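Each chain, written out:
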Amino acid sequence: MRVLHRELMTKQDGERVAIAGWLHKKRLLGGLTFLNIRDRSGLTQVVVKDKAEVEKLRGLQVGTVLHVEGSITKEPRAPGGVELHDVNLTIIVPVTEEPPIEIDKPLSHQPEHLDTLLDNRVIGLRNLQEAMIFKIRSELLRYIRDFLYKNDFVEINTPKLVAGAAEGGAEVFKLDYFGKDATLAQSPQLYKQIMVGVFERVFEIAPAFRAELSATTRHVSEVTMLDIEMGFIEDHNEVLNLVQALVYEVLNRVYQEHADELKSLKAPVLTLKTEFPRYSMAQIHELFSRETGKDTTKELDLTPEEEKWICEYARTHDGCEAIFATNLPAAKMKFYHMAEDDGQTARSADLLFRGVELSTVPQREHRHDNLLAQMKKSGIDPNSPGFSHFVTAFRHGLPPHGGCGFGIDRLTEKVIGLNNIKEAILFPRDINRLTP
RNA sequence: GGGCUCGUGGUGUAGAGGCCUAACAUGCCUCCCUGUCACGGAGGAGAUCGCCGGUUCGAAUCCGGUCGAGCCCGCCA
């Protein structure tokens with residue numbers, strides 16, 4: 001019976017156990033050899049004194065898959081306080097090829113080394129620090145699901161092969177679909193709104209595909225999005241409050257339950273309040289101009305510099321590094337968003353965290369005739385294959401609703417304090433990278 | 001798509017016209033080492049300096065092109 005690393009402390013001193021895992025590190029000190037064996041729960045230190053056993057590993061590299069039988073030895077000098085002695089090694093998969101990248105010490109995350117990091121991803125992810133990033137990402141997803149289930153949301157899966165673009169704006173990937181034109185979904189937007197007519201509250205965690213020719217630290221062509229949509233809202237505020245509660249809970253949990261890991265990854269200290277400061281877009285432009293002396297008020301949207309600045313401003317002035325930028329200009333709004341009654345701004349807010357936009361949180365236009373008018377204005381044919389089913393749902397009754405789309409990659413990146421979205425993605429896809 | 005910067009053993013760097021037959025660290029191989037945990041010590045293998053062309057008596061080094069990468073901007077989430 002295979003015992004996991006994490007279970008070793010519960011065993012009796014001297015008990016014979018068997019572990020299995022990968023050779024992670026080998027230190028030969030002459031008459032004494034230390035092995036680190038990696039399994040899914042951590043590294044186990046194995047002490048080998050028998051020369052014949054050490055010989056079994058001659059020529060074998062890190063990554064060799066091993067079965068190790070040995071005696072539990074409580075030992076304060078061992079990492080974790082326990083190690084295996086008097087061992088019998090069995091090689092399950094011998095590895096003779098030298099690893100392309102070293103995995104027993106932290107890998108460089110310097111921007112100029114990103115290519116090496118990603119080219120050698122297959123092996124580099126075995127580095128404990130790298131794996132930790134993705135363990136935390138997994139936990140973030142778990143906390144998100146916990147929160148949403150608790151709040152009566154249903155998880156859905158919508159098609160990623162679609163007939164038309166879901167949103168204006170972002171470029172889509174076009175492909176041949178049995179002789180017809182199709183695109184890869186850039187958002188589950190239309191489907192999740194349709195599903196409000198079924199479950200009221202729905203969410204999806206899935207890839208979205210963007211064909212933007214963007215080369216920045218914030219963009220990739222395949223992103224993992226958390227999409228949320230909720231019906232029967234009293235007002236836009238209700239959506240903002242839900243997103244706020246979600247973010248607050250998820251961030252607090254990860255900082256509580258993974259304090260040690262976040263510390264070892266050098267994540268910044270979390271500065272958060274239950275109520276996120278809300279600044280209108282106009283206020284941010286004004287504050288930014290006044291405090292920095294730079295004039296960006298003619299910009300409709302926030303510049304990346306302003307996004308960074310306002311988050312830092314809110315962190316020091318309001319004690320909260322997540323903020324809502326509210327009253328987005330109507331000129332920038334999508335056809336399915338709801339305009340404020342004055343027509344100048346949209347009922348929409350950007351959630352900013354640590355200098356980047358994590359999410360846009362709008363109320364939707366649920367009134368059929370208004371929606372058609374806005375589609376027309378955006379040059380969208382409501383009878384086209386990509387949109388006719390969407391409009392059908394409205395004809396048959398959709399309540400006032402709102403929601404958001406959330407970049408999980410950016411969230412992971414920012415929680416850990418990484419510098420590039422690609423560091424938070426196992427196998428990122430960008431304008432130049434399709435492998436590994 | 002625009003601008004700026006960078007390409008040297010597997011990995012990370014040094015070298016900035018001749019001292020380069022390319023140095024250092026790490027990894028790998030051989031040997032020594034009984035408490036390592038970035039183990040230590042001795043020795044060894046491994047790079048036609050991204051690629052093509054040019055300048056020069058001489059190019060890793062200067063110039064042009066090309067390919068690749070990074071960052072910023074735009075676009076976007």
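Computed from a predicted model, the values in this text were never measured in an experiment. (Residues numbered from 1 in each chain as written. Chains lettered and ligands numbered in written order. Predicted model: local features only at pLDDT ≥ 70, side-chain atom pairs only at ≥ 80, totals over all residues. Heavy atoms only, no water.)

What follows is about the layout of surface pockets. By volume, the largest pocket is sized at about 1,300 Å³. The wall of the largest pocket is formed by 49 residues, among which Arg210, Lys334, Glu357, Thr360 and Arg410 lie closest to the centre. Going through the elements one at a time, helix H5 (189-199), strand E11 (222-231), helix H9 (304-318), strand E14 (348-353), strand E15 (356-362), strand E16 (401-407) and helix H12 (408-416) are the ones with two or more residues in the lining of the largest pocket. Classifying every residue of the lining of the largest pocket gives 19 nonpolar, 14 polar and 16 charged. (1 Å grid on protein atoms, 1.4 Å probe; cavity = no way out; pocket = protein on both sides within 12 Å on 5 of 7 lines; lining within 4 Å. Points joined across faces, edges and corners; volume = space filled by probe spheres on them. Helix = DSSP H or I, 4+ residues; strand = E, 2+ residues; numbered from the N terminus. Nonpolar A, V, L, I, M, F, W, Y, C, P; charged D, E, K, R; others polar.)

With that settled, the discussion passes to the sheet that holds E14. As summarised here, the arrangement of the 8 strands in space is E6-E10-E11-E16-E15-E14-E13-E12, forming an open sheet in which the pairing is mixed. Because the sheet does not close on itself, it has two edges, and the strands there are strand E6 (154-155) and strand E12 (278-280). Both strand E13 (residues 322-326) and E14 contribute to a ladder of 4 bridges, which runs antiparallel. Opposite Ala325, over in E14, you have Asp350 as the bridge partner. Together, E12 and E13 form the strand contacts of helix H8 (residues 281-292), whose direction differs from that of E12 by roughly 85 degrees. The strands that H12 touches are E11, E14, E15 and E16; relative to E16, the one it contacts most, it runs at about 60 degrees. (Pairing = 2+ DSSP bridges. Contact = heavy atoms within 4.5 Å. Axes fitted to C-alpha atoms, helices over the stretch in contact; angles between N-to-C directions.)

The next thing to look at is the protein's contact with RNA strand B. Around RNA strand B lies a shell of 46 residues, among which Arg27, Glu102, His113, His219 and Glu357 are the nearest. Protein-adjacent atoms of RNA strand B, using a 4 Å cutoff, are sugar or phosphate at a proportion of 58%. Separating a sugar or linking oxygen of RNA strand B from a side-chain N or O atom of Glu98 is a distance of 3.1 Å. Glu357 is positioned such that a nitrogen or oxygen atom in its side chain is 2.4 Å from a sugar or linking oxygen of RNA strand B. At the level of secondary structure, the elements contributing two or more residues to the surface near RNA strand B comprise strand E1 (16-28), strand E5 (82-93), helix H2 (114-119) and E15. Of the residues in the surface near RNA strand B, the class split is 14 nonpolar, 14 polar and 18 charged. (Near = heavy atom within 4 Å. Polar contact = N/O pair within 3.5 Å; in protein donor to acceptor, adjacent residues only side chain to side chain.)

Mapping Ser289 onto the fold places it in helix H8. Among the polar contacts listed, one links the side chain of Ser289 to the backbone oxygen of His285, at a separation of 2.9 Å.

Turning to the packing of aromatic side chains, a few remarks are in order. Under the definition given, this model contains 10 aromatic pairs. With a centroid separation of 5.5 Å and 80 degrees between ring planes, the pair formed by Phe288 and Trp309 is classed as edge-to-face. Here Phe288 is found in helix H8, whereas its partner Trp309 is found in helix H9, with 21 residues between them in sequence. Judged by relative accessible area, Trp309 falls into the buried class, the value being 18%. Put simply, the rings of Phe335, Tyr336, Phe387, Phe390 and Phe394 touch in pairs and so form one group of aromatic residues. (Phe/Tyr/Trp six-rings, centres within 6.5 Å; stacked < 30°, edge-to-face > 60°. Buried < 20%, exposed > 50% of the residue type's maximum accessible area, 1.4 Å probe, protein only.)

A few words now on the pairing of strand E4 (residues 65-74). Strand direction decides the pairing type here: E1 and E4, joined by 7 bridges, are antiparallel. Its bridge partner being in E4, Arg16 is matched across the sheet by Ser71. As defined by bridge partners, E4 adjoins E5 across 9 bridges and the pair is classed as antiparallel. Opposite Ile72, over in E5, you have Leu84 as the bridge partner.

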